[in-house]
Amino acid sequence: MLEAAKKKYGQRKPILKVELKEVLGIKNINTFDQYLSFLVKTKLIKRYENGVYYFPEENERFKDLSLTLNDVIFKLYLSDNQGIRAGAHLLYKYKLTTQVSKYYEIITNNVSKSTRAKKKYEGKVTLNGAKFTLTAGNLKYAEFIELINNIKLSDYSKHETISKISRVFIDKALKKEKLMYYASFYKGHYYNELHKNIKEIMREIIHL
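All of these numbers come straight from a predicted model, not from anything done at the bench.

**Q** Please explain the nonpolar core as it appears in this structure.
**A** Note on soluble globular proteins: their nonpolar side chains tend to be buried together. One finds F144, I145, I148 and L179 to be the most contacted residues of the largest nonpolar core, which totals 31 residues. Of all the secondary structure elements, the ones that give two or more residues to this core are α5 (87-93), α6 (139-149), α7 (158-171), α8 (176-183) and α9 (188-207). Here I148 is in contact with I165, L194, N197, I198 and I201, once residues within four sequence places are set aside. Core analysis: the second largest hydrophobic core is formed by 15 residues, L69, Y77, Y104 and V125 among them.

Below is the structure:
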């Protein structure tokens, strides 16, 4: 059973406790917890944090290496279309800035919707609950809205930024009606600013 788990997840890759329970095929929770405790004590498996484990490297040179924060963040908050990276990273992704951020600003389904700016991992990660449930079908709209919300982080003038974001809208084949629908989940001041910038983007698209 343990070899099957190792083969499925590989070395030094994050595994959730619930995934281990499933792949090991141990239905009784107490039996599973005891077995997992044994695996950790004998260093056959390592605990990164509560609920997150990994198989250590078999190579002696690398056996003491832990998980990378990037892998943990992806596993917990981004995998299976459950979240996006926002903030400066998103602007870098779409070439609106040359600044590479070492911080993670995450919007995800995997925390409460009311979660706002929750800091984790010594402040390197900021978690926000998604305003609408993220899926494979709407992830590109969530990213686009966050691009608009972070216009001020762009290296370019507002006019140039709006022009570049308009190109993203076209390249991703987004629909205005759907964009407005998802934008409606943002309330108050945020929605007013978002709505104003969307109108500017639509005007820019007409002239492209």
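**Q** How should the packing of aromatic side chains be read in this particular structure?
**A** Centre distance and the angle of the planes are the two values used to describe a pair of aromatic rings. For the structure on display, the rule yields seven aromatic pairs. Residues F132 and F185 carry aromatic rings whose centres are separated by 5.5 Å and whose planes lie at 50° to one another, so their mutual orientation is tilted. Residue F132 is found in the loop between β7 (125-129) and α6, and its partner F185 is found in the loop between α8 and α9; the two are separated by 53 residues along the sequence. Residues Y181 and F185 carry aromatic rings whose centres are separated by 5.4 Å and whose planes lie at 90° to one another, so their mutual orientation is edge-to-face. F185 gets classed as partly exposed once you look at its relative accessible area, which sits at 30%. In this arrangement the basic side chain of K164 is found over the ring face of Y156, its NZ or CZ atom lying 4.5 Å from the centre.

**Q** For this particular structure, what's the right way to read the pairing of β7?
**A** Consecutive residues of a regular strand have side chains that alternate between opposite faces of the sheet. The element β7 is largely enclosed, with a buried count of five among its five residues. The alternating pattern of β7 places V125, L127 and G129 and T126 and N128 on opposite faces, both of which are buried. The pairing of strand β5 (residues 104-108) with β7 spans five bridges and is parallel. If you follow Y104 over to β7, its bridge partner there is V125. Inspection of the sheet shows strand β6 (residues 118-120) paired to β7 by three bridges, in the antiparallel sense.

**Q** I would appreciate a short explanation of α9 in the present structure.
**A** A turn of α-helix holds 3.6 residues, and therefore any two residues three or four places apart point the same way. Compared with the 28 Å implied by 1.5 Å per residue over 20 residues, the 30 Å span of α9 between its first and last C-alpha is a close match. Buried residues of α9: L194, N197, I198, I201, M202 and E204, and no others. The arc that holds every buried residue of α9, seen down its axis, measures 160°, which confines them to one face. Opposite its buried face, α9 presents the exposed residues H189, N192, I206 and H207, each directed more than 90 degrees away. If you follow the buried residues of α9, they end up packed against α6, α7 and α8.

**Q** Whenever I open this one, the sheet that holds strand β3 (residues 52-54) confuses me. Can you help?
**A** Two orientations exist for strands paired in a sheet by backbone hydrogen bonds: parallel and antiparallel. Spatially, β1-β3-β2 is the arrangement adopted by the three strands of the open sheet, whose pairing is antiparallel. At either end of the open sheet lies a strand with only one pairing partner, and these are β1 (15-16) and β2 (46-49). Of the strands in this sheet, β1, β2 and β3 are in contact with helix α4 (residues 69-78), which crosses β2 at around 75°.

Procedures and definitions
- Residues numbered from 1 in each chain as written.
- Predicted model: local features only at pLDDT ≥ 70, side-chain atom pairs only at ≥ 80, totals over all residues.
- Heavy atoms only, no water.
- Core = buried A, V, L, I, M, F, W, Y, C linked by side-chain atoms within 4.5 Å.
- Buried < 20%, exposed > 50% of the residue type's maximum accessible area, 1.4 Å probe, protein only.
- Helix = DSSP H or I, 4+ residues; strand = E, 2+ residues; numbered from the N terminus.
- Contact = heavy atoms within 4.5 Å.
- Phe/Tyr/Trp six-rings, centres within 6.5 Å; stacked < 30°, edge-to-face > 60°.
- Lys NZ or Arg CZ within 6 Å of the ring centre and 35° of its normal.
- Pairing = 2+ DSSP bridges.
- Expected span 1.5 Å × (residues − 1).
- Arc of directions from axis to C-beta.
- Axes fitted to C-alpha atoms, helices over the stretch in contact; angles between N-to-C directions.

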